[in-house]
Amino acid sequence: MDSKRDFTKLRDISREEGQYLLERAHFLKRLRKEGKPYKPLADKSLAMIFEKASTRTRASFEIGMWELGGYAMFLNTTETQIGRGEPVKDTARVLSRYVDAIMIRTYAQSLIEELALWSTVPLINGLSDLYHPCQTLADLLTIEEFKGAFERIKIAYIGDGNNVANSWLEASILFGLDFAIATPEHYEPETALLAEARENGRFTFTHDPFDAVKDADVVYTDVWVSMGQEKEQEERVRVFDSYKIDEKLMKNARKDAIVMHCLPAYRNKEISDEIFEKHEKVIFAQAENRLHCQKALLEWLILRQC
Ligand code: CP
Ligand code: NVA
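What you see is a predicted model; the values in this text were computed from it and never measured.

A. Structural context of the overall build of the chain. Secondary structure summary: the chain contains twelve helices and nine strands in total. In terms of overall dimensions, the chain is globule-like: its C-alpha atoms have a radius of gyration of 19 Å, near the 19 Å expected for 306 residues. Expressed as lengths along the three principal axes of its C-alpha atoms, the size of the chain is roughly 55 × 45 × 35 Å. A total of 306 residues make up the chain; the buried ones form 55% of that total. Summing over all exposed atoms, the chain offers an accessible surface of approximately 13700 Å²; the carbon and sulfur share of this is 49%. With 42 positive and 50 negative side-chain charges, the chain shows a spacing of 4 Å between the two charge centroids.

Printed below as a string of structure tokens:
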């Protein structure tokens, strides 16, 4: 038996494994569309621990596990002993005796890594302050659907250098993407990731959103105020004002550029209502693709143990 694998960040997997997961997600999406049941995870279970709010991540993991024939158990930190200070390493060892995989959404990446270290079953990052790797997998699948491939096009991320931006930087390093990112000063992504991304030669970092979207095929944004940053709301809305995705900014991108948003979206903050509705087909495909990608991920992580 191979040792267990985790998905605490995108680069826990290789480029080849990433390509495999995307191919598998396309396949599982097709099967579902054809109404063909596929239940390889019968008798398998997933614990889902949430310390932050979620709509898509919770729903897609829960339904995904059910569609694959397994069971998903929802745990929130306020109603479990985790919230009362039970050590993470004990929670990891207990849950590992009940379930076949654990998914967690929390604040500190270090907590996810500690959980991964102590659990004997695969650990999945459902979002931390630092990364959102499941989102990036679904984003890549969506770009393949709408643009054919993500290797030969330019992708621009505009806004906060947050968890979503960091996972995109990881994707750009893993797949050698033509990737540009524009954030305000003091809101840059992880410095080490920026340095690594620069090494691939197709990467641009700027504070100017118009520069970043120039000739882009994909324009991506996320909220300006992430979960846990609510106290900074006023300041952030002021600082990010010129980073909104609107008609004016989109004029700098390619004519056939698509706009992506991981959701939830705040209209007329990071994205104008007009642009959001114009690109809603892509944006909601992105949300749907969380389901297909996570099914591929669960199947791979759990069954490779057998
Ligand atoms: N995009 C995303 O992760 O959405 P939720 O916060 O609703 O899970
Ligand atoms: N950056 C956002 C993503 C939400 C899916 C947050 O962390 O709140």
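B. Summary view of the pairing of strand E2 (residues 71-76). Of the strand pairs in this sheet, strand E1 (residues 45-50) and E2 are connected by six bridges, and their pairing is parallel. Within E2, the position partnered with Met 48 by the bridge is Phe 74.

C. How the structure looks around the site of ligand 1. Near ligand 1, the surroundings consist of Ser 54, Thr 55, Arg 56, Thr 57, Arg 105, His 132, Gln 135, Cys 262, Leu 263 and Arg 290. In this structure, Thr 57 approaches ligand 1 through a side-chain N or O atom, which is 2.7 Å from an oxygen atom. Contact distances for ligand 1 include 3.0 Å between an oxygen atom and a side-chain N or O atom of Arg 290. When isolated, ligand 1 has an accessible area of 250 Å², and the protein chains bury 95% of it. Among the residues making up the shell around ligand 1, the classes are represented as two nonpolar, five polar and three charged.

D. Up close: the packing of aromatic side chains. On inspection of all chains with the given rule, the structure shows ten aromatic pairs. Here Phe 179 and Phe 203 contribute two aromatic rings whose centre-to-centre distance is 6.1 Å and whose plane-to-plane angle is 25°, an arrangement assigned as stacked. In this pair, Phe 179 sits in strand E6 (residues 178-182) while Phe 203 sits in strand E7 (residues 203-206), placing the two residues 24 residues apart along the sequence. Taking relative accessible area as the criterion, Phe 179 reaches 0% and is therefore assigned buried. Relative accessible area serves as the criterion here: at 11%, Phe 203 is assigned to the buried category. An angle of 80° between the planes, with centres 5.9 Å apart, marks the rings of Phe 276 and Phe 284 as edge-to-face. Among the residues examined, Phe 276 registers a relative accessible area of 1% and is labelled buried.

E. How the structure looks around the sheet that holds E1. Taken together, the four strands give an open sheet; going across it, the order is E2-E1-E3-E4, and neighbouring strands pair in parallel fashion. This sheet does not close on itself; its edge strands, each paired only once, are E2 and strand E4 (123-125). Recorded for the sheet is a direction-independent mean angle of 20° between the axes of neighbouring strands. Here three bridges tie strand E3 (residues 101-105) to E4, and the two strands are oriented parallel to one another. Residue Met 103 lies in a different strand from E4, and its bridge partner there is Ile 124. In the packing of helix H2 (residues 56-67) onto the sheet, contacts are made with E1, E2, E3 and E4, and the angle to E1 comes to roughly 170°.

F. Structural view of the sheet that holds strand E9 (residues 258-261). Judged by pairing direction, the sheet is parallel, and its five strands sit side by side in the order E7-E6-E5-E8-E9 without closing on themselves. Lying at the two open borders of the sheet, with one neighbouring strand each, are E7 and E9. The mean inter-strand angle of the sheet, taken between neighbouring strand axes irrespective of direction, is 15°. When E6 meets E7, the two strands line up parallel, connected through four bridges. What sits directly across from Phe 179, in E7, is Phe 203. Helix H7 (residues 191-198) rests against E6 and E7 of the sheet, and its axis sits at about 135° to E7. Contacts from helix H12 (residues 280-303) reach strand E8 (218-221) and E9, with the element oriented near 40° to E9.

G. Up close: unusual backbone geometry. With an omega dihedral of 5°, the bond running from Leu 263 to Pro 264 counts as a cis peptide bond. Backbone geometry at Leu 263 places phi at a positive 70°, although glycine is not the residue there. Here Leu 263 lies in the loop between E9 and helix H11 (273-278). Leu 263 sits in the buried class, given a relative accessible area of 11%. If you check the backbone angles, Asn 268 has positive phi at about 65° while not being a glycine.

H. Representation of the environment of Thr 8 within the structure. With respect to the element layout, Thr 8 can be found in the segment before helix H1 (15-33). Taking C-alpha positions, Thr 8 is 15 Å from Leu 169, a pair spaced 161 residues apart along the chain. Sequence-distant contacts of Thr 8, defined by excluding residues within four places in its chain, comprise Gln 109, Ile 112, Ala 116, Leu 123, Asn 125, Tyr 131 and Pro 133.

Here is what the cut-offs are and how they apply
- Residues numbered from 1 in each chain as written.
- Chains lettered and ligands numbered in written order.
- Predicted model: local features only at pLDDT ≥ 70, side-chain atom pairs only at ≥ 80, totals over all residues.
- Heavy atoms only, no water.
- Helix = DSSP H or I, 4+ residues; strand = E, 2+ residues; numbered from the N terminus.
- Rg over C-alpha atoms; globule rule 2.2 N^0.38 Å.
- Buried < 20%, exposed > 50% of the residue type's maximum accessible area, 1.4 Å probe, protein only.
- Areas by Shrake-Rupley, 256 points an atom, 1.4 Å probe, with all protein chains shown as cover.
- Lys, Arg positive; Asp, Glu negative; His and termini not counted.
- Charge placed at Lys NZ, Arg CZ, Asp CG, Glu CD.
- Pairing = 2+ DSSP bridges.
- Near = heavy atom within 4 Å.
- Polar contact = N/O pair within 3.5 Å; in protein donor to acceptor, adjacent residues only side chain to side chain.
- Nonpolar A, V, L, I, M, F, W, Y, C, P; charged D, E, K, R; others polar.
- Phe/Tyr/Trp six-rings, centres within 6.5 Å; stacked < 30°, edge-to-face > 60°.
- Axes fitted to C-alpha atoms, helices over the stretch in contact; angles between N-to-C directions.
- Contact = heavy atoms within 4.5 Å.

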